[in-house]
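# Inside the fold
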Amino acid sequence: DAGVIQSPRHEVTEMGQEVTLRCKPISGHNSLFWYRQTMMRGLELLIYFNNNVPIDDSGMPEDRFSAKMPNASFSTLKIQPSEPRDSAVYFCASEGGRTDTQYFGPGTRLTVL
Amino acid sequence: KQEVTQIPAALSVPEGENLVLNCSFTDSAIYNLQWFRQDPGKGLTSLLLIQSSQREQTSGRLNASLDKSSGRSTLYIAASQPGDSATYLCAVPGTYKYIFGTGTRLKVLA
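One structure accompanies this document, and this report is about it. (Residues numbered from 1 in each chain as written. Chains lettered and ligands numbered in written order. Predicted model: local features only at pLDDT ≥ 70, side-chain atom pairs only at ≥ 80, totals over all residues. Heavy atoms only, no water.)

Tallying secondary structure elements over chain A gives 0 helices and 11 strands in all. Each helix (α) and strand (β) of chain A, taken in turn from the N terminus, gives the series β-β-β-β-β-β-β-β-β-β-β. Taken against the 2.2 N^0.38 rule, which gives 13 Å for 113 residues, the C-alpha radius of gyration of chain A at 13 Å falls within 12% of a compact globule. Here the C-alpha coordinates of chain A stretch approximately 40 × 25 × 25 Å along the principal axes. Each of the 113 residues in chain A was classed as buried or not, and the buried ones make up 49%. Taking the contacts inside chain A whose residues are at least 6 apart along the sequence as the reference set, 53% of them involve residues at least 24 apart. By element, 48% of the accessible surface of chain A is carried by carbon and sulfur atoms, the whole surface being about 5700 Å². Seen as two clouds, the 11 positive and the 13 negative side-chain charges of chain A have centres 4 Å apart. (Helix = DSSP H or I, 4+ residues; strand = E, 2+ residues; numbered from the N terminus. Rg over C-alpha atoms; globule rule 2.2 N^0.38 Å. Buried < 20%, exposed > 50% of the residue type's maximum accessible area, 1.4 Å probe, protein only. Contact = heavy atoms within 4.5 Å. Areas by Shrake-Rupley, 256 points an atom, 1.4 Å probe, with all protein chains shown as cover. Lys, Arg positive; Asp, Glu negative; His and termini not counted. Charge placed at Lys NZ, Arg CZ, Asp CG, Glu CD.)

Attention now goes to the nonpolar core. Side chains of a nonpolar character, in soluble globular proteins, are inclined to be buried together. Ranked by size, the top nonpolar core spans 23 residues in total, and within it Leu33, Trp35 and Leu75 of chain B carry the most contacts. Within the residue set of this core, elements represented by two or more residues are strand 3 (19–25), strand 4 (32–38), strand 5 (44–51), strand 7 (62–67), strand 8 (72–77), strand 9 (86–93) and strand 11 (104–109) of chain B. Not counting residues up to four positions away in its chain, the partners in contact with Leu75 of chain B are Leu19, Val20, Leu21, Trp35, Leu47, Leu48, Leu62, Asn63, Ala64 and Tyr88 of chain B. Within the second largest apolar cluster, 21 residues are counted, among which are Val4, Trp34, Leu46 and Ile79 of chain A. (Core = buried A, V, L, I, M, F, W, Y, C linked by side-chain atoms within 4.5 Å.)

Let us now look at the packing of aromatic side chains. Where two aromatic rings form a pair, the distance of their centres and the angle of their planes describe that pair. Counted according to the given criterion, the structure contains 9 aromatic pairs over all chains. Look at Tyr98 of chain B and Phe100 of chain B: their rings are 6.4 Å apart centre to centre, the planes differ by 50°, and that puts the pair in the tilted class. An aromatic cluster is built from Phe33, Tyr35, Tyr48, Phe91 and Phe104 of chain A together with Phe36, Tyr98 and Phe100 of chain B, whose rings are joined through pairwise contacts. (Phe/Tyr/Trp six-rings, centres within 6.5 Å; stacked < 30°, edge-to-face > 60°.)

Let us look at the environment of Leu21 of chain A. Residues and elements named next belong to chain A. Its location among the elements puts Leu21 in strand 3 (residues 19–24). Each C-alpha atom of the pair Leu21 and Gly96 lies 22 Å from the other, and the pair is 75 residues apart in sequence. Dropping the residues within four chain positions of it, Leu21 is found in contact with Ser7, Pro8, Trp34, Ser75, Thr76, Leu77, Tyr90 and Thr108.

Okay, the pattern of salt bridges next. Residues and elements named next belong to chain A. Scanning all chains against the criterion turns up 10 salt bridges over all chains. Between Lys78 and Glu18 there is a salt bridge, and its shortest N-O distance comes to 3.8 Å. Of this pair, Lys78 sits in strand 8 (residues 74–79) while Glu18 sits in the loop between strand 2 (10–13) and strand 3, and the two are 60 residues apart along the sequence. Among the residues examined, Glu18 registers a relative accessible area of 40% and is labelled partly exposed. (Salt bridge = Lys/Arg side-chain N within 4 Å of Asp/Glu carboxyl O.)

A few words on the state of the cysteines. Residue and element names in this part refer to chain A. Taken as a whole, this structure holds 2 disulfides over all chains when the rule is applied. Here Cys23 is linked by a disulfide to Cys92, with a sulfur-sulfur distance of 1.9 Å. With the S-S dihedral at roughly -65°, the linkage between Cys23 and Cys92 falls on the left-handed side. With Cys23 in strand 3 and Cys92 in strand 9 (residues 88–95), the pair connects residues that are 69 residues apart, well separated along the chain. (Disulfide = S-S within 2.5 Å.)

What follows covers the environment of Trp35 of chain B. Residues and elements named next belong to chain B. In this fold, Trp35 is placed in strand 4. Measuring from C-alpha to C-alpha, the distance between Trp35 and Asn18 comes to 17 Å, with 17 residues separating the pair along the chain. Here Ser73 takes part through its side chain, which lies 3.0 Å from a polar atom of the side chain of Trp35. (Polar contact = N/O pair within 3.5 Å; in protein donor to acceptor, adjacent residues only side chain to side chain.)

Written as structure tokens, this is what we have:
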């Protein structure tokens, strides 16, 4: 398996633009997590899906953020409109099978100018 | 509310030294604890997973211990190498999610 795949790896955009981050979890995993990492706040969970259903979105900072998981092999995190304070690295992770381990993707480094 | 703290925040050691990274958590009702490694600009890689029924786990030069009663875990790295330079994070499961410490940034000097 190729592991968790995220795209794009880097995104630079201007304030006010819409940003869409993509994630493909490991095949067979039934849990998917979106995290955000900044120097100030460390690694924070934004939203957690189980069997494609959002279970906990309490970490989503505000209504500008939305996430979807239309099927077991794809998820998106959308920010609209984006703001400079959204600049961070966004990680997707998946978990499932017989382990309790979360497997992380390489992350998307977002810069909002 | 579970809080996870890691000390030191940064550590610089000469190659070959044995070292210990510390992780403490406030709520001892956990069912496992994980140690992760993060290289600059990269994602997280799971190093060791300790179940609550275990006291330690070993993988190569790494040994992680867990003391739930005192709310502490340590990651011991033997005979450190420059390739061990990275940020090490511990994480404990909360409700539906992992709660991460802020990490220890390790630099092993050649």
